[in-house]
Each structure stands twice: as structure tokens, then as C-alpha cells.
Amino acid sequence: MPRYEPEKIENKWRKVYNEKKLYEANLNEKAEKFFITVPVMYPDGRLHTGHMYTWARADIFARFQRMQGKNVLFPQGFHMTGGPMAGMSLRLKNGDEKAIELMKKQGANNEDIKKFAENPLELGLFFGNTYKNDFDLVGISIDWRRNFILSYTKQYSRFVEWQFRTLRKLGYVTQGSHPVVWCPKENTSLGDHDRAEGEGESPLEFTIIKFKIGEFILPAATLRPETVYGVSNIWVNKNGKYNKITLSNGERWVASEEFARKLPYQSNAAEKVEEFDITSIINKTAINPINGEEIPVLTGEFVKTDVNTGVVMGVPMHAPFDYYHYKKIGETTKLKEAKKIIDVSGRETLIEDAIKKFGSDEKGLEEATKYVYKTEFNYGVLNDKNGVLSGKPTKDTKESAIDLIKSKKAYEKFYETSAVIVCRCGTKGIIKLVENQWFIRYSDKELKEKSIELVQRMDIRPEEAKAQITNAIYNMEDKAATRNGGLGTPLPWDKDWLIEPLSDSTIYMSYYTFAHLIKNIKEDEITDELFDYILLGNGNATDFSDAVKEMKKEFDYWYPLDMRVTAKELITNHIAFFIMTHVAIFNKEKWPKGLGINGWITVNKQKMSKSKGNTMTIDYIVNTYGADSARLVASASNGMDDAEWDIQNISGFKQKIEFILDITEILASFSNERKLVDEFLLSNINRLIDSAEKEYYSMKYKNSVNYSFFKLVDFIKQYINYGGNNKDTIKYALTIFAKLNHPFFPFVTEEINNVINGGELLEKHASWPKMIKGYDNEVIENEFDVVKQTLDDINTLIKITKKTPEEITIGIAEKEKFDIYNKIKEKADITRDLKEIRQGLQTSDFVNKLLKNPKRLPDRKLDYEKELRVFTELSDKFKEVYNAKIHIEESKEDKAMPGKPLILIK
RNA sequence: GCAGGGGUAGCGAAGCGGUCAAACGCGUAAGGCUUAGGACCUUAUGGCUUAGGCCUUCGAGGGUUCGAAUCCCUCCUCCUGCACCA
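Everything in this summary refers to the structure shown in the same document. Keep in mind that this is a model prediction, so the values were computed, not measured.

1. Notes on a negative patch on the surface
Then, number 1: Together, Asp361, Glu362, Glu366 and Glu367 make up a region of like negative charge exposed at the surface.
Then, number 2: You can see Asp361 is positioned in the loop between α10 (350-358) and α11 (362-379).
Then, number 3: With a relative accessible area of 47%, Asp361 lands in the partly exposed category.

What follows is the structure in C-alpha cells.
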């Protein structure tokens, strides 16, 4: 018997598929089209199992649709817009050891790395090439002719320009200023992916209140301007370095040196910066601009000079740090009593309690701060010591507090990071206020409404994702669409700006439809009018060349997009942008139709990702286990939950494949004998076709392999085990096995089908099997269940009695009992009311037994003749299993029930 | 803070008002096969039980129902995303 040799089989069919160009999709008016995409990939490293998961899921659907007779287009592009590649290139250029090592580990040599350092696009092209190989290896059925690179392809840049001019014409573009996390060394914004530390952190807006001290201003930064009436003092850190900053309006600020360095990124007001001896103002008196109160400047070593201004207002009764240190200084120096200005009813000693609870070390005070802020914010009210703010709930006071501060000309704002952020280059990130930033107005109410309406109609799997997407759109704010570093297409009307990567990739799927044709069109022929004509149907056909008309034909045929497959983390950004931009630009009939959202793979509960180092590259896994085995990963989950993937699963898969290959090989040696067990197998397999199809359709692949693979194999095993040996039945079972599993395991199933049936390829239109009505046989399925149950029961009995059976008698209930049983079964389908069921039945011990519990009423149809025949047919099997004499007979005993024969063991 | 999704056997998970320990996969144990290991096959895998039985379970508590993991309420707890970044 031959071993399963995946490499041999896979090479063979991979070659056939490529030679016959089966993955290349051509316009064919006669065939129904199906257009499926996965987002463009950003080629900055090798592909791993995590990627394979998403693409295999899409590929399975693509193949499934092909087998349904659809003309399937599954293209794939690359994305080379944006920061990470440029950042990596820069790091390589600077000789960053870590970066160089990372590239080497992924197969780049010194020559390559030199090229990457010179041009980040080279890096993308290098990895892009490995992707094509890896995908081909694992059998992702992509039409590579339509591949293109965003936004590196010149023609595509034209397309993005058209997109943005169109959005602007429609009024969806606006301009304003915007705070971003920034690396001052690489001079670029720091997205999550560019950070070595501080993922998920964002800019936080602080209010600066200007306290006067002599000729100087102390700018105190706070998140709670509403506590300004409770200020007891100003904190500075006597160990910190401070500057005197002269502003263009003449104000002279005293703030930390770090602040002076950060300020220019948010305002160009500073004219002169000089050193300042902070100790010279400690214990001097400052003025609260809101109420004119005189307050001392105190030193507090807890004040961080690298955050905000290095000047903090002390509000002891409402801030644990202030409380603790103010008290401490108060022990030796006479200080005014701190004012309590926020009341939380029933929590008079909130701050004392909080410190007691969490402790007075730094960590404890931090915890206490969170706790106090939260409690006061949600339940607090500003008491009568708050001037014009008195009586307001804390929750609603921030805005009016700011207005008040503004009216005293004491207001300023400053952005700070919500926690420490470090760039991959090692530099600490700061906040830059980007002026004149261009936005796409995703906040537009009408656009949101239309988009949400579309989402309700879309075919989204899993169903739960619909609510999330709806919500994401509902909460959408304006999106900064440009940036001033990295790679990308310049904004057509303001060339200083580059269009940002999430914004140049919202409707590019339409570009796939003609990507292979537009390559031949000269750049200057690609005008806005051309795209208006192709994509929106505007303009006159006579104005365009045949080549352009051809492109329009492709677009009209393939668009809209039928299915987009992505991981769930894209819901709140890319998916929302994708849907909304389509709604904004395209005619209604071109809006997207379907989505497939998946979770991610975890290994030991950790998300599989490059940064965690828990991945395997695709070429490794395919070379080690085979492509079909590797694709099993797509069955890791049903919906968008995270799915734990265990490489051990592959061994069970292989065992079963070998079993199937074995019977495939010896198919000719089976007989022509037909028995009840044939009906059993045909009926079950027939039903599996339907079950598997439904699960494939809703992308619940864990369920679909369960049916098409594990259950089906199990049925064939049972069939053989019960003595089935009919050649036609087995041939049918194997054929269905090959077909139902082909989307999942294309190569080995093609081989199996080829061996038993020859002829046409499965990877061809409309090879999906249909159910055969006559094969359905519910009663036979039930009776074989009875056999299984009876075998179990016999085992239990033998175990309990510890007997070695010499004779086993199986007593089938008499026909009358079956009649009553089936009658009750029919009634129980309608009602569970025992009285109602009892009506018209003669009372007997048997009836009483069946009607004891409404939960245990008869619920499957059985048949006397069949039950007797099934057991008779299998008596040899029983004999073999128990090595005992077997009697099958009718029995009048009470214990002989329909579906539960009497068992006697001697 | 805002939003979304969970808590079922050793693990991953199915089940979403009615086949009485719960699909399927993995793991584990025993037996078989084998020179041995691996692989493979069979059986078992909540507890008790000398005749197919009983008891206890689906995060916790309460409710609706003849009947709830499944519906309703309260609580505990875990995970994920939050944008200028692919």
C-alpha cells in the first residue's frame, strides 16, 4: 500500500492547473460571474501561517464558487504606499543591526539589503515576488495577470487622483488641523506598526491654564480644568530643567526644557528660549487667573518634566498625588487648608479612602487617581465654592470651565501622548499638530445613513459582524487622508501632501477588473473623463478608443464586488472606508455585495503574528506537511472568534487521507453485492452534500470539513465495518468525498477523482455534486443508529456483568409495538401534551412506558421489518465482535422496545 | 471612556426550547499490530453501578415553561477594536 506523498500529487496538479490557466478569469457573458478579493498585501516580510489563514479562507470560497459553475475572479495586488517600508529602508540605510538581521532572516542577502536601503520599493518588490511563489505553493487560486501595485503603478496613481477629485467635487473633502503622534528623528507620523512601544496610545488634549507669577506665566497643564477653583498651589520640580520661553505676543512662560523642545511641533509662537533657575520661584506666590487667589509655588519631585509643561496645578482634595504631597509639606510649613470643591454624595472622605485603599507609593497613588477621577466624574457635583460653575455635575462642566478660562484670557491647549510612545528607531514619540490637513468627511450624516442601509442588505458572514460594521459606520469621524512623509500618490490639488495608505485603497477593487488592460494605455490618455466613462458610465462612448471600451466592458461585467474577505481588525477602518467610499462615488448597482470576516489564529492563546515570533512561513509549512495539509488551518474556526490552531491536527488529517487513498486503490476488488448497509451509506452521504454546501456557503469551514471530511470518512468506515463491500456504492462515496473536499484540499481530491473517474477536472465549472432524491432513507439511518446503540448497550452489559458471552440473544419488539410507537411519534411532533397524545390510544404497560416523560417521547421513525432485517444482516458482524452465538428473533418481552431491542447475554 | 463578542469535558470547539454526559478535532489511557519506537487499528475518557440504570453538570444567582446550556433579569469574569496606522 502506498504512503500518501503530498509533494508528488501536488506538483502534478499544480502543473496541470497552471498549464490550463484555470485561475485566469476572462470575461464570459454566458457565465455568471463571481468577484472575490482579499485586501492588498503590504510586502515588508515573508508570509506566514496567519496570512495563509485569511487567504485560504478566501480561496476555498473561490473554488467552491467555481464548482458551483461561476466564472470566478480572484485577483491580488500589493500595497506599497505609506510608512513602514520607508521606515525600514531608512533604518537599513542607517546600518541598524536589528533591521539588517531581520531582513537576512527572511532571505535577503547583502546585495538585496543595499538595494532596499537605497529604495524602499525594492524591498516591496523583493517580498512581493516571494508572495506569488508562496501562494502558488499552497494553492491560492489567484489570477496574477491582474496584479498591480498601489500606488507605485503610474496608471493607478491616475486612478487615485480621479478618486480624490471626485470626492472633492461631491463635497466629501475638507481641511483642518490635526494632532498626530510623530517621530522627530524620522520626521514621520508614528502609526501603531511603527512603534517599538506604546501601541494603541493616542494624542490627548490638555488644557493649559496660565497662572501669573510676577512678570512670568506658569502654564499648568490639566485634564480637569473644572477643578480650577480647588487649586491650592502650583507644583514644579526643583530637580528639573526649566526654560524661560518668550512668545511672539510678549508673554514669558516658565516651563520644562522638554516642553520648550516640543512646543514648536504644535505652535510657532516661541521666539526666544533661555535657561531658567526654577528654584528662584519656589515658595513665591502665584495668582489663580480665575478667582485671583494667591497661591504658593511648591516643589514636588513627583512632577514629570518630560510630560506636558512640567508645571502642574495642585488640587489636593481631588487629586491623590497632590493630597499626599501637600499634606507632607504641610507638616513642616504652614499652608492654607485645601478646598474641597466637588461633592459626591455619601462619599465625604473619597480621597482619604482611595489612598488608604490603594496605598501611597507611586503605583498606589496612580490607581487612586484613576479611581477618584472616575468616581467624581460620574457621580460628582461642583459645590458652591465654584463661582459661576457651582451646582453643575462634573460630567457636564468641562466645556463651561474652558469657556470661563478663555474669558479670563488664561487658556491654551497642548497635546501630549496618552503614554510613552517609542518609534522603532528608538526615538521617543511626541505630538505634532499638523496644519491644513485634508480630511474625508466620513462624518457626513447622509453618507452614513446610505451606507448603513447598504450594510443591512449586504451578505455578511458571520451574521454578528453586521452589527459591528453598522456601529463602526455610525461612529465614523472625519479621516485625515494625507500625510507628509513615506510613499504615496501626491494629492492632485496640493502636491505637498501624499495620499495616505488607508485612503488610497478604498475602491481599488474596481481597478482589478481592467488592471491587465490599462497597462497598455499611455499615461497621458488616462484622464478623469476616462474613469468617469468606465466607472460611472458618464460621457460618450464615441470619445473613447476601443481599448477603453474593452476596459469598460470588463468593469461592467465583473463589478460590483461579490465578496471581500478580511480579518476583523479592519472593520472599524478599512471596511468602513471601503463601504462608504463606494456609496459616495459609485452608482447604486456597483455597491459591494458581500463580506466574509474572520478572526485570527492563536498559538497557545497568543495571536499569531510576526512580532510575537510564533509563526511558521508558508514555504516551510508546505514543504514539511504538504499544501493540502497546510490548508487545514482554514478550518480552525467558524466565525470571527479567535481560533486556536494546533499543528497536531494535521496528523489526524493524514491518517484519514491515507485510508481514502487505500480504498481508492483497491476499488476494483469490491463486489456487486447490495445490502441494507448500502442504503445506509447512500442516504447519509446524500445528506452530507446538503450540510456541507450550506456550511461552505456561510464560510463556516470548521463545520464544512466536519461534514465533508471527518463525517464522510467515518461513514465509509462504518459501512465497511458493517460488511458493506459494493463497488458502485464505494465509488460513489469516494467521488462525493473528492468533490465535497475539493475547495479545501484541491490537489489530493483531484488525484482521487482522477483515479476513480478520470475525465474532466474537478477544478472546472459546475463539478459540485447534487443530492439524489431517491437516496434519502431516514428509517434506515435510524435503524443503523439502533444498531450502534445496541452495540453500546451490549458493551455496557458485558462490562457490568464481567461475563464472557457465549450466547447473545437480540429480541426485536413485535410489529404492533412499532405501530403504536410510530403513531405516538407522529403525535409528539405536533404536541407535547401527554393527555392529548394519549387520546385514541389503548392503555397498556407499553403505552404507559412511552408516555412517562414528555422529554422522552418517541421522536424518530422506525420500522419493524427493517429493524429485524438490519440485525439479521449484521448478525455475522455481532458474532465476530463478541465471538459468541447470536440469535436474532422477535420478542414479546417488556424490555423489547422499538429501537431498543431486548438483550440477553449468557 | 465608546463599541462589539465570549464564559460548555484536559484543550479547541459544536449545540441556541425537547433524542436522557454533550457532534467533530486534538490530547490522554488500555489492548492489538510491530524486533523496538513511530505510524496504524479497536475500545475507553464526569461520578456511582454485578443487566442496558441512577446521580451531577453547560461562569454565579434568580425567573418564565410540562421541559432551559438554549428565553428574561441581576451579578462576576475574560477577550477584541478605537483611525491618520498597514
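2. Notes on the packing of helix α23 (residues 676-697) against helix α24 (residues 701-721)
Then, number 1: Contact pair α23 / α24: the axes reach a minimum separation of 8 Å and the direction vectors enclose 170°. By the criterion of interaxial angle, the relationship of α23 to α24 is roughly antiparallel. Listed contacts from α24 to Val677, Asp678, Phe680, Leu681, Asn684, Ile685, Leu688, Ser691, Ala692, Glu695 and Tyr696 of α23 are Tyr701, Asn703, Ser704, Tyr707, Ser708, Lys711, Leu712, Phe715, Ile716, Gln718 and Tyr719.
Then, number 2: Broken down by class, the residue content of the contact of α23 with α24 amounts to 13 nonpolar, six polar and three charged.

3. Side note on the packing of helix α3 (residues 84-93) against helix α6 (residues 120-138)
Then, number 1: As a packed pair, α3 and α6 sit with axes 8 Å apart at the nearest point and diverge in direction by 110°. The angle between α3 and α6 falls in the class roughly perpendicular. Our pair here, α3 against α6, has a crossing hand that is right-handed. For the pair α3 and α6, contact is made by Met85, Ala86, Met88, Ser89 and Leu92 and by Pro120, Leu123 and Gly124, respectively.
Then, number 2: In the contact of α3 with α6, the residues fall into six nonpolar, two polar and no charged.

4. Considering the protein's contact with RNA strand B
Then, number 1: Neighbouring residues of RNA strand B: 61 residues in total, closest Tyr42, His178, Ser189, Gln655 and Arg856.
Then, number 2: If you look at RNA strand B and keep only atoms within 4 Å of the protein, 61% of those are sugar or phosphate atoms.
Then, number 3: One nitrogen or oxygen atom from the main chain of Glu477 is found 3.0 Å from a base nitrogen belonging to RNA strand B.
Then, number 4: Among the elements that line the surface near RNA strand B, the one with the most residues is α24, at five residues.
Then, number 5: Tallied by class, the residues present in the surface near RNA strand B amount to 19 nonpolar, 20 polar and 22 charged.

5. Description of helix α13 (residues 445-457)
Then, number 1: The end-to-end C-alpha separation of α13 is 19 Å, in line with the 18 Å expected for 13 residues at 1.5 Å each.
Then, number 2: Buried-residue contacts for α13 involve β22 (459-461), α14 (464-474) and α19 (571-585).
Then, number 3: At the N-terminal end of α13, a side-chain oxygen is found 3.2 Å from the backbone nitrogen of Glu446, two or three residues along, and the residue is Asp444.

6. Section: the packing of aromatic side chains
Then, number 1: Scanning the model with the defined rule gives 54 aromatic pairs in all.
Then, number 2: Consider the rings of Phe148 and Tyr156, whose centres lie 5.3 Å apart with planes at 35°: the pair is tilted.
Then, number 3: Looking at Phe148, the relative accessible area reads 4%, which means it is buried.
Then, number 4: Both rings, one in Phe709 and one in Phe710, keep their centres 5.0 Å apart while their planes meet at 85°; by these two values the pair is edge-to-face.
Then, number 5: Given the relative accessible area of 0%, Phe709 is considered buried.
Then, number 6: Taking NZ or CZ as reference, Arg461 lies 4.7 Å from the ring centre of Tyr697, over its face.
Then, number 7: Looking at Lys590, its charged tip hangs above the ring of Phe555, at a distance of 5.0 Å from the centre.

7. Remarks on the pattern of salt bridges
Then, number 1: With the rule as written, the count across this model stands at 44 salt bridges.
Then, number 2: The residue Lys12 makes a salt bridge to Glu751 at a minimum N-O spacing of 2.9 Å. Here Glu751 lies in helix α26 (residues 746-756) and Lys12 lies in helix α1 (residues 6-19), a separation of 739 residues in the sequence.
Then, number 3: By relative accessible area, which is 14% here, Glu751 ends up buried.
Then, number 4: Measuring nitrogen to oxygen at the nearest pair gives 3.9 Å for the salt bridge that ties Arg860 to Asp785. Taken together, the positions of Arg860 in the loop between α30 (845-850) and α31 (864-873) and Asp785 in helix α27 (residues 778-801) put the pair 75 residues apart, joining distant regions of the chain.
Then, number 5: Given a relative accessible area of 40%, Asp785 falls into the partly exposed group.
Then, number 6: A cluster of three or more residues bridged by salt bridges with shared partners is formed by Glu24, Asp143, Arg145, Arg146 and Glu554.

8. Some thoughts on helix α12 (residues 398-407)
For an α-helix the count is 3.6 residues per turn, leaving residues at separations of three or four pointing the same way.
Then, number 1: Inspection of α12 places Ala401, Ile402, Leu404 and Ile405 among the buried residues, and these make up the whole buried set. The buried residues of α12 occupy an angular sector of 160° when the element is viewed end-on, so they sit on one face.
Then, number 2: Turning to α12, the residues buried within the fold contact β8 (203-213) and β19 (411-417).
Then, number 3: Immediately beyond the C-terminal end of α12, within one or two residues, lies Lys409, with a positive phi of roughly 55°.

9. Regarding the nonpolar core
Then, number 1: The biggest cluster of nonpolar side chains holds 141 residues, and the ones touching the most others in it are Ile36, Leu92 and Phe878.
Then, number 2: Excluding residues within four positions of it along the chain, Leu92 makes contact with Ala99, Ile100, Met103, Ile113, Phe116, Ala117 and Leu123.

10. Here's the deal with the side chain of Glu376
Then, number 1: Relative to the elements of secondary structure, Glu376 occurs in helix α11.
Then, number 2: In this structure Glu376 comes out as buried when scored by relative accessible area, which is 3%.
Then, number 3: Here Glu376 is in contact with Arg224, Met317, His318, Ile342, Val344, Leu350 and Thr394, once residues within four sequence places are set aside.

11. Some points on the sheet that holds strand β34 (residues 902-905)
Then, number 1: Taken in spatial order, the three strands of this open sheet run β33-β32-β34, and their pairing is mixed. Across the chains shown, the open sheet's two edge strands, defined by having one partner strand only, are β33 (885-891) and β34. If you compare each strand with its neighbour and ignore which way they point, the axes differ by 20° on average.
Then, number 2: Where strand β32 (residues 807-813) lies against β33, seven bridges are found, and the strand directions are parallel. If you follow Ile810 over to β33, its bridge partner there is Ile888.

12. Considering the sheet that holds strand β25 (residues 490-491)
Then, number 1: Across the sheet, three strands lie side by side as β24-β26-β25; this open sheet has antiparallel pairing. Across the chains shown, the open sheet's two edge strands, defined by having one partner strand only, are β24 (482-483) and β25.
Then, number 2: Both β24 and strand β26 (residues 494-499) contribute to a ladder of two bridges, which runs antiparallel. Paired with Arg483 across the strands is Leu498, a residue of β26.

13. Here we look at the environment of Gly723
Then, number 1: Position of Gly723 relative to the elements: it lies in the loop between α24 and α25 (727-741).
Then, number 2: In sequence terms Gly723 and Ser669 are 54 residues apart; their C-alpha atoms lie 14 Å from each other.

14. A short note on the layout of surface pockets
Then, number 1: In this structure, the second largest pocket encloses a volume near 1,300 Å³.
Then, number 2: Lining the second largest pocket are 37 residues, with Phe206, Leu223, Lys304, Thr369 and Tyr373 positioned closest to its centre.
Then, number 3: Among the elements of the structure, β8, β9 (216-222), β16 (312-314), α9 (320-330), α11 and β19 are those that each provide at least two residues to the lining of the second largest pocket.
Then, number 4: When residues of the lining of the second largest pocket are assigned to their parent elements, the largest contribution, seven residues, is made by α11.
Then, number 5: Grouping the constituent residues of the lining of the second largest pocket by class yields 17 nonpolar, nine polar and eleven charged.

The rules behind the values
Residues numbered from 1 in each chain as written. Chains lettered and ligands numbered in written order. Predicted model: local features only at pLDDT ≥ 70, side-chain atom pairs only at ≥ 80, totals over all residues. Heavy atoms only, no water. Patch = residues over 30% accessible without salt bridge, like charges linked within 9 Å, V, L, I, M, F, W, Y side chains within 5 Å. Areas by Shrake-Rupley, 256 points an atom, 1.4 Å probe, with all protein chains shown as cover. Salt bridge = Lys/Arg side-chain N within 4 Å of Asp/Glu carboxyl O. Lys, Arg positive; Asp, Glu negative; His and termini not counted. Charge placed at Lys NZ, Arg CZ, Asp CG, Glu CD. Helix = DSSP H or I, 4+ residues; strand = E, 2+ residues; numbered from the N terminus. Buried < 20%, exposed > 50% of the residue type's maximum accessible area, 1.4 Å probe, protein only. Axes fitted to C-alpha atoms, helices over the stretch in contact; angles between N-to-C directions. Parallel < 35°, antiparallel > 145°, perpendicular 65-115°, else oblique. Contact = heavy atoms within 4.5 Å. Nonpolar A, V, L, I, M, F, W, Y, C, P; charged D, E, K, R; others polar. Left-handed = near helix turned anticlockwise from the far one by under 90°. Near = heavy atom within 4 Å. Polar contact = N/O pair within 3.5 Å; in protein donor to acceptor, adjacent residues only side chain to side chain. Expected span 1.5 Å × (residues − 1). Phe/Tyr/Trp six-rings, centres within 6.5 Å; stacked < 30°, edge-to-face > 60°. Lys NZ or Arg CZ within 6 Å of the ring centre and 35° of its normal. Arc of directions from axis to C-beta. Core = buried A, V, L, I, M, F, W, Y, C linked by side-chain atoms within 4.5 Å. Pairing = 2+ DSSP bridges. 1 Å grid on protein atoms, 1.4 Å probe; cavity = no way out; pocket = protein on both sides within 12 Å on 5 of 7 lines; lining within 4 Å. Points joined across faces, edges and corners; volume = space filled by probe spheres on them.

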